[in-house]
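Fold and contact review
Here is what each chain is made of, one letter per residue.
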Amino acid sequence: MDDKRLAEVVKHIDQFQESCDEFLSPLCNPCNKKVLIIGSGWGTEVAWLLKQGAKEIVGIDPAPRPTNPLNKYIAEKNLQGTYKITRGTVDDITEEYSEHFDLIISHNVFEHIMNLEETFKAIPKLLNKKGRVAIFTAPLFFSSCGSHLNIKPWEHLWGNLDDIKSKVPPFKWSDYTTGMNKMTLTSFLECVINSGAIVTKLYTRPDRNIQEFPKYIDKILLKNKISLFDLTVEGISIEFFYHVDKN
Ligand SMILES: C[S@@+](CC[C@H](N)C(=O)[O-])C[C@H]1O[C@@H](n2cnc3c(N)ncnc32)[C@H](O)[C@@H]1O
């Protein structure tokens, strides 16, 4: 990785600390906890967890991400503690970390997970009896920025896809066509419910472009069979757990 790219990724980690503060802090307190990050990416949440005083930090992500930007950020901010990042998905670590974690967090990842049902089967196996899960996921595919591309609000749902493809970088187009699971609030909650979870917090983030929604509704509905509800939920915040002590 050249110096320019290194600096860009360090900046990315720094910029997203605020997002962790805003969306994860209301859901969980990682202090002194053994924490798993689902979708640790470049290490945004590792850095955030070090600041929160987590006792143990494990990240899992299928994408290969060198850790030199994260280590540079940690050194620059003089953060204390260690972490481990494994390449793979939660299914790969259910034996190694059986009933291990006090807390599982995830930030801006669940809208990318292709095998959601499998992921929700693995999560309870990784939690200890007092374990909790805190997830913030956004932007959902059908929201105005759900394409993750720098285009007009909901343009992926009303615009010409060839035009869009011609104005975005090829790797972004590939992420758009292969990297989004198109889940809605309803389909996500179905997975949560079917996994046997007990929900303790649930918030939605309204679409950031909701004021402009009336301008686009007709164009969107001409091309898509989708509810106004799903078009206007940008993100989901949720906390849940599994174990019920019957004694
Ligand atoms: C938008 S990035 C977010 C990364 C990081 N959480 C952050 O906010 O900086 C989405 C991440 O989800 C990861 N991802 C995709 N499918 C996954 C899966 N099944 N399990 C864990 N992570 C996954 C991707 O590799 C990518 O790093």
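In what follows, the structure referred to is the one given above.
As the structure is a computational prediction, the values presented were derived from the model and not from experiment. (Residues numbered from 1 in each chain as written. Predicted model: local features only at pLDDT ≥ 70, side-chain atom pairs only at ≥ 80, totals over all residues.)

**Digging into the overall build of the protein chain**
Helices and strands together make up the secondary structure of the protein chain, namely 11 helices and seven strands. Its C-alpha atoms give the protein chain a radius of gyration of 19 Å, near enough to 18 Å, the size a compact globule of 247 residues would have. The principal-axis extent of the C-alpha atoms belonging to the protein chain is close to 55 × 50 × 30 Å. Out of the 247 residues belonging to the protein chain, those deemed buried represent 37%. (Helix = DSSP H or I, 4+ residues; strand = E, 2+ residues; numbered from the N terminus. Rg over C-alpha atoms; globule rule 2.2 N^0.38 Å. Buried ≥ 20, exposed ≤ 12 C-beta atoms within 10 Å, placed from the backbone.)

**Quick look at the site of the ligand**
Around the ligand there are 17 residues in total, and Gly39, Gly41, Thr44, Ala63 and Val109 lie nearest to it. Looking at the shell around the ligand, its residues break down into eight nonpolar, seven polar and two charged. (Near = placed C-beta within 6 Å. Nonpolar A, V, L, I, M, F, W, Y, C, P; charged D, E, K, R; others polar.)

**Remarks on unusual backbone geometry**
Omega for the peptide link from Ala138 to Pro139 comes to -10°, which places this bond in the cis form. Although it is not a glycine, Asn108 adopts a positive phi angle of roughly 60°. Of note, His148 is a non-glycine position whose phi angle comes to about 60°, a positive value. With respect to the helices and strands, His148 occurs in the loop between strand E5 (127-137) and helix H6 (155-158). Looking at His148, the number of C-beta atoms within 10 Å reads 18, which means it is partly exposed.

**Section: the nonpolar core**
Ranked by internal contacts, the top residues of the largest apolar core, which has 58 residues, are Val35, Leu36, Ile104 and Leu126. Setting aside anything within four residues of it in sequence, one finds Val35 in contact with Pro30, Leu49, Ala54, Glu56, Ile57, Phe101, Asp102, Leu103 and Ile105. (Core = buried A, V, L, I, M, F, W, Y, C linked by C-beta atoms within 7 Å. Contact = placed C-beta atoms within 7 Å.)

**Overview of the sheet that holds strand E6 (residues 198-206)**
Taken in spatial order, the seven strands make up an open sheet running E3-E2-E1-E4-E5-E7-E6, and their pairing is mixed. Edge positions in the sheet fall to strand E3 (84-87) and E6, since each of these pairs with one other strand and no more. Strand-to-strand twist in this sheet, taken as the mean axis angle between neighbours without regard to direction, amounts to 15°. Sheet topology note: the strand E1 (residues 34-38)/strand E4 (residues 101-107) ladder contains three bridges and is parallel. Bridge pairing links Leu36 to Ile104 in E4. Across the sheet, helix H5 (residues 116-126) lies against E1, E4 and E5, angled at about 140° from E5, the strand it touches most. (Pairing = 2+ DSSP bridges. Axes fitted to C-alpha atoms, helices over the stretch in contact; angles between N-to-C directions.)

**Re the pairing of strand E2 (residues 56-61)**
With five bridges connecting them, E1 and E2 associate as parallel partners. Paired with Val35 across the bridge in E2 is Ile57. Between the parallel pair E1 and E2, the chain is carried across by helix H3 (residues 44-52), and the sense of this crossover is right-handed. Pairing of E2 with E3 involves four bridges; the strand directions are parallel. Across the sheet, residue Gly59 finds its bridge partner in E3, namely Ile85. Handedness of the β-α-β unit built from E2, helix H4 (residues 68-76) and E3 comes out right-handed. (Right-handed = clockwise from strand over helix to strand, strands pointing away.)

**Observations regarding the environment of Thr178**
Considering the arrangement of structural elements, one finds Thr178 in helix H8 (residues 170-178). On the basis of neighbour count, Thr178 is assigned to the exposed category, with 9 C-beta atoms found within 10 Å. Taking C-alpha positions, Thr178 is 9.1 Å from His112, a pair spaced 66 residues apart along the chain.

**Describing the packing of H3 against H4**
Contact pair H3 / H4: the axes reach a minimum separation of 10 Å and the direction vectors enclose 25°. Looking at the two axes, H3 sits roughly parallel to H4. Handedness of the crossing formed by H3 with H4: right-handed. In contact with Val46, Ala47 and Leu50 of H3, H4 contributes Leu70, Tyr73 and Ile74. Across the contact of H3 with H4, the residue classes tally to six nonpolar, no polar and no charged. (Parallel < 35°, antiparallel > 145°, perpendicular 65-115°, else oblique. Left-handed = near helix turned anticlockwise from the far one by under 90°.)

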